[in-house]
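Now for the letters of each chain:
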Amino acid sequence: MLLQNKQVAIVGGGPGGLTLARLLQINGAAVNVYERDLNPEVRVQGATLDLHNDSGLAALRHAQLLDEFKACYRPGADRLRLVNQHAAIAYDQHEEQQTATFGDPWFRPEIDRGPLRTLLLDSLQPNTVVWDRRLAALTPLGEGWQLAFENGTTATADLVIGADGANSSIRQLVTPIQPFYAGVTVVEGTVYHAARNAPRMHALTQGGKVFAMGNSHTLITSAKGDGSLCFYTGCRTPEFWVKNSGIDFTDAAQVLTWFQQEFAGWDEMWQELFTNKATRFVPRPQYCMPLDQNWEAQANITLLGDAAHLMPPYAGEGVNMAMLDALELSQNLANEHFPDVRTAIRHYEARMRERASLVAQETLTQTEALHSPRALAHLLALFGVA
Ligand SMILES: Cc1cc2nc3c(=O)[nH]c(=O)nc-3n(C[C@H](O)[C@H](O)[C@H](O)COP(=O)(O)OP(=O)(O)OC[C@H]3O[C@@H](n4cnc5c(N)ncnc54)[C@H](O)[C@@H]3O)c2cc1C
């Protein structure tokens with residue numbers, strides 16, 4: 001076992017990092033996950049996630065967690081409505097009979113991010129995750145690393161895995177390659193108690209997902225199990241629009257004014273998403289790692305998930321890729337045929353980069369098409385409806 005007598009530190013307790021921790025523990029490795037969130041009760045924000053048979057679900061199968069997943073996924077939450085800016089329905093999966101189930105290549109069950117995190121956390125040995133550990137510095141120590149956290153604590157590890165997401169600070173220790181701006185900025189928000197606070201949107205979403213397209217803009221809304229609606233707009237903007245627009249995104253009134261101007265001509269019902277004072281808006285310019293990135297493997301550090309191959313969300317692959325990275329990295333690190341950890345990492349990284357490049361290409365194509373005047377027709381054709 002390549003990891004015998006080695007201490008592994010995974011930085012970041014997102015789906016990628018936690019899946020890897022579980023898979024490594026099954027293989028007998030000594031692992032800690034260092035996560036910046038204060039504790040496991042911190043509410044996990046963001047859209048629901050559909051897991052794919054050959055990636056996210058494959059990782060859960062190998063992690064022996066498929067039954068746990070079946071107990072907390074949300075049947076029907078994958079049902080999609082495609083609409084235009086007037087909320088006229090062009091395609092409705094609620095009207096289709098769904099026969100796909102686990103094992104079918106096109107079955108893509110949805111799970112909220114909170115329950116996914118809980119299910120992975122519950123599978124780990126006690127005290128695997130160390131909370132309130134925002135990595136501040138990573139410095140070489142012998143053949144391994146010293147991790148220093150913002151709260152003044154430190155830890156050591158023989159092998160560090162950067163699973164610290166889109167703004168990874170570990171990435172720079174693996175590669176100098178920088179992500180490039182993908183041309184679209186997302187404004188994300190959540191309306192809690194949607195049946196009361198956004199009744200028309202709640203009814204339109206019907207427990208599933210709504211993709212709205214018009215004027216080269218997108219507005220994607222998904223219903224979550226706690227009764228909230230998570231949504232995100234997508235608009236073509238210059239790279240530094242968030243700063244240069246002068247909009248204070250903590251001020252809901254300013255965001256509503258922006259939305260009314262930018263989405264002028266859209267049905268008034270969309271404004272339900274923006275009128276709730278409790279909504280916290282998060283603007284996210286979308287970046288993508290270059291498709292041809294390459295680097296020399298190291299013996300004591302690697303990356304997975306968004307830290308390795310950040311891309312926009314328009315192919316719905318991010319979490320699936322992060323979990324597949326975790327699966328393949330764990331398999332390579334458990335492979336007795338490799339002479340050392342560096343070789344195992346080299347094999348993992350080569351395949352991971354190749355896979356990510358193909359998906360990033362697809363994602364960029366979708367990002368472009370969905371923010372064009374032909375967006376709805378494009379998506380209808382993809383679903384075989386046009
Ligand atoms: C608006 C939006 C919608 C999306 N929709 C989808 C979708 O429908 N389907 C899909 O597959 N993907 C989707 N994605 C992408 C998906 O969220 C990511 O690809 C996925 O979460 C990546 O998983 P990860 O584990 O690599 O990183 P993350 O989920 O980002 O997890 C990183 C973890 O690291 C922690 N962390 C960060 N920095 C530090 C630090 N310095 N120290 C310690 N801990 C740290 C964070 O708190 C977090 O827990 C979407 C993304 C966005 C922005």
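Residues numbered from 1 in each chain as written. Predicted model: local features only at pLDDT ≥ 70, side-chain atom pairs only at ≥ 80, totals over all residues. Heavy atoms only, no water.

S.K.: Which residues make up the overall build of the protein chain, and what are the values?
M.R.: Helix and strand counts for the protein chain stand at 13 helices and 17 strands. By principal-axis analysis of the C-alpha atoms, the protein chain measures approximately 60 × 50 × 40 Å. Each of the 386 residues in the protein chain was classed as buried or not, and the buried ones make up 55%. For the protein chain, the accessible surface area stands at approximately 17,100 Å², while carbon and sulfur atoms represent 49% of it. The average position of the 30 basic charges and that of the 41 acidic charges among the side chains of the protein chain differ by 2 Å. (Helix = DSSP H or I, 4+ residues; strand = E, 2+ residues; numbered from the N terminus. Buried < 20%, exposed > 50% of the residue type's maximum accessible area, 1.4 Å probe, protein only. Areas by Shrake-Rupley, 256 points an atom, 1.4 Å probe, with all protein chains shown as cover. Lys, Arg positive; Asp, Glu negative; His and termini not counted. Charge placed at Lys NZ, Arg CZ, Asp CG, Glu CD.)

S.K.: Describe in detail helix H4 (residues 113-122), supporting the description with residues and values.
M.R.: Taken together, the buried positions of H4 are Leu 116, Arg 117, Leu 119, Leu 120 and Leu 121. Check the buried side of H4 and you find it contacts helix H1 (15-26), strand S3 (49-50), helix H2 (56-62), helix H3 (66-72), strand S6 (110-111) and strand S7 (129-130). (Contact = heavy atoms within 4.5 Å.)

S.K.: Describe the packing of helix H12 (residues 341-370) against helix H13 (residues 375-382), naming the residues involved and giving the relevant values.
M.R.: Close contact between H12 and H13 brings their axes to 8 Å; oriented N to C, the two are set at 135 degrees. Between H12 and H13, the crossing angle belongs to the class labelled oblique. Between H12 and H13, the contacting residues are Gln 366, Ala 369 and Leu 370 on the first element and Ala 375, His 378, Leu 379 and Leu 382 on the second. Residue composition of the contact of H12 with H13, grouped by class: 5 nonpolar, 2 polar and no charged. (Axes fitted to C-alpha atoms, helices over the stretch in contact; angles between N-to-C directions. Parallel < 35°, antiparallel > 145°, perpendicular 65-115°, else oblique. Nonpolar A, V, L, I, M, F, W, Y, C, P; charged D, E, K, R; others polar.)

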